[in-house]
Amino acid sequence: MPDSHDLHIDTRLALLGRPERSVRGAVNVGVQRASTILFSSLADLERANSRKYEPSELYYGTMGTQTTHAFEEAMAALDGGHGAIGVSSGLAACTSAILAFVRSGDHVLVTDSVYDPTRAFCDGMLAALGIETTYYDPTSGAGIAELIRPNTKVVFLESPGSHTFEIQDVPAICRVARERGVVCVIDNTWATPLYFRPLDHGADVVVYAATKYMSGHSDVLVGAVVADKAHYHTVRVAIAALGHCLSPDDAYLTLRGLRTMGVRLERQQRGALELARWLEAHPDVRRVLHPALPSHPGHAIWKRDFLGASGLFAFVLPPARREALVAFFDDFQVFGMGYSWGGFESLILPGTPSEKRTVARWDDEQGTLIRVSVGLEDVRDLQRDLAAALQRWKTAC
Ligand SMILES: Cc1ncc(COP(=O)(O)O)c(C=O)c1O
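My aim in this report is to walk through the structure given alongside it, one point at a time. Keep in mind the model is a prediction, meaning the values are calculated, not measured. Every chain begins its residue count from 1, and numbering advances along the sequence as written. In keeping with the model being predicted, local features are shown solely for residues with a pLDDT of at least 70 and side-chain atom pairs are shown and tallied solely at 80 or more, while totals for entire chains, interfaces and linings include all residues. Here the side-chain values reflect all heavy atoms present in the structure, with hydrogen atoms and water set aside.

Counting from the N terminus, the helices are the DSSP runs of H or I reaching at least four residues and the strands are the DSSP runs of E reaching at least two. Mapping His69 onto the fold places it in helix α4 (residues 66-79). In this description, contact between two residues means that some pair of their heavy atoms is separated by no more than 4.5 Å. Among all residues touching His69, those that are not within four sequence positions of it are Ser56, Glu57, Leu58, Met63 and Gly64.

This part covers the site of the ligand. Close to the ligand lie Ser89, Gly90, Leu91, Tyr115, Glu158, Asp187, Ala209, Thr211, Lys212, Leu221 and Trp341, which account for all nearby residues. Here a polar contact means two N or O atoms within 3.5 Å. Within protein one must be a hydrogen donor candidate and the other an acceptor candidate, and residues neighboring in sequence count only if both atoms are side-chain atoms. In this structure, Trp341 approaches the ligand through a side-chain N or O atom, which is 2.9 Å from an oxygen atom. Residue exposure ignores everything except the shown protein chains as possible cover, and the areas themselves are Shrake-Rupley values with a 1.4 Å probe. Calculation on the ligand without its partners gives an accessible area of 390 Å², and the protein chains cover 90% of this total. Amino acids outside the nonpolar list (Ala, Val, Leu, Ile, Met, Phe, Trp, Tyr, Cys, Pro) and the charged list (Asp, Glu, Lys, Arg) are all regarded as polar, and Gly is one of them. Taken together, the residues of the shell around the ligand sort by class into five nonpolar, three polar and three charged. Each residue is tested against the molecule or strand, and it is near if at least one of its non-hydrogen atoms lies within 4 Å.

Right, let's talk about unusual backbone geometry for a bit. Residue Pro160 is bonded to the preceding Ser159 through a cis peptide linkage, with omega at -5 degrees. One non-glycine residue, Ser56, lies in positive phi territory at about 70 degrees. Among the structural elements, Ser56 can be located in the loop between α3 (42-50) and α4. Ser56 sits in the partly exposed class, given a relative accessible area of 26%. The phi torsion at Ser340 lies on the positive side, around 85 degrees, for a residue other than glycine. Relative accessibility thresholds used throughout: buried, under 20% of the residue-type maximum; exposed, over 50%; partly exposed, between the two (1.4 Å probe, protein chains only).

This part is about the environment of Gly336. Checked against the element boundaries, Gly336 lands in the loop between α13 (322-329) and β10 (347-350). Separated by 167 residues in the primary sequence, Gly336 and Asp169 have C-alpha atoms spaced 33 Å apart. When near neighbours in sequence (up to four residues on either side) are disregarded, Gly336 contacts Ser346, Leu347 and Ile348.

Across the sheet, four strands lie side by side as β8-β9-β11-β10; this open sheet has antiparallel pairing. At either end of the open sheet lies a strand with only one pairing partner, and these are β8 (287-289) and β10. Looking at each pair of strands side by side, their axes are set apart by 20 degrees on average, direction ignored. Being paired, for any two strands, means DSSP has found at least two bridges between them. As paired elements, strand β9 (residues 312-317) and strand β11 (residues 368-373) share six bridges and run antiparallel to each other. When the sheet's bridge partners are listed, Leu312 is paired in β11 with Ser373. Whenever a helix is involved, its axis is fitted only over the stretch in contact; in every case the axis is a line through C-alpha atoms, and angles between N-to-C directions fall within 0 to 180 degrees.

Shown next as structure tokens:
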């Protein structure tokens with residue numbers, strides 16, 4: 001393969017994660033299921049043991065097989081990281097990446113717009129371990145410096161937030177954190193490395209719910225942690241200690257999903273933007289929260305740092321009685337209602353910003369938040385489905 005930096009992203013998505021040593025003539029790597037890896041000599045066994053934390057080393061199934069390694073290689077290359085580690089869910093990626101860098105008595109800074117289960121982990125398990133969390137305003141940029149304490153070890157970012165879509169000034173936050181020796185971990189699930197590469201903007205570790213756009217078909221749970229050279233080993237050792245690993249079957253399916261992620265995202269981006277613009281012009285819609293719209297408060301930063309927008313956004317309806325919401329949600333023909341996002345099928349859901357937010361609170365007076373994940377259906381059918389729902393809502397108001 002030519003130097004991958006000479007190739008455009010869709011070409012790289014076609015070629016990555018196909019190491020010759022593993023595919024052995026096939027197009028795709030096969031599913032290698034293994035707990036035990038056999039060695040033919042004591043020297044080989046000892047060598048593998050001494051290198052077990054290195055990317056792509058075959059040692060024991062929990063540390064990966066050829067299939068998971070191929071997925072990890074692809075993920076690391078997409079983000080320009082030293083290595084990637086596959087785990088069993090996006091949440092496991094978030095929690096293990098934080099845990100890797102903290103000890104009792106430490107302090108972490110976490111965006112107030114963070115994915116709620118990550119917050120629950122900080123408030124529950126981290127607190128029980130004697131690690132304190134402070135939530136920061138996602139729009140605070142370099143102002144986060146005021147919150148850094150001598151014992152602050154990690155800043156955990158997520159940009160945009162997956163319900164309220166605040167865009168963070170990632171380079172500014174990472175600059176001040178780095179000056180103070182604080183590790184920057186970012187959940188980049190929304191943008192994927194196709195539309196934002198956090199390591200290029202100062203982050204140290206990137207986490208993904210590969211469950212979403214990477215797998216793309218709503219039938220796999222996968223997480224990935226990508227780290228630069230300075231932080232890879234620490235995360236790798238922590239994940240091994242926790243016993244997290246990724247099933248080879250799920251790694252295979254996610255690698256397969258990666259091949260089409262570029263075309264899916266392009267189409268989902270286009271469909272989402274078309275719907276967002278249409279909703280913005282709709283008389284019954286109060287606001288649309290989509291970073292690629294010029295009306296979005298974070299639009300300038302999004303434009304500066306991101307190469308695109310994925311298919312997840314939200315809009316706001318004025319406060320209304322429950323019957324109106326029931327009428328809105330209960331009769332969709334194309335959109336499905338359920339958790340998760342990033343799949344080929346469109347989903348709609350009441351947005352649920354955490355009630356526990358401290359600095360970036362969602363005030364119900366602002367209206368009812370509705371989150372949309374745009375899939376691959378024809379956008380005209382999605383628009384008709386939404387228009388009918390808005391009409392039902394208005395009638396029931
Ligand atoms: C932003 C974000 N991060 C992480 C996760 C966790 O992913 P998983 O469902 O694979 O645990 C989610 C899931 O919805 C998410 O929205």
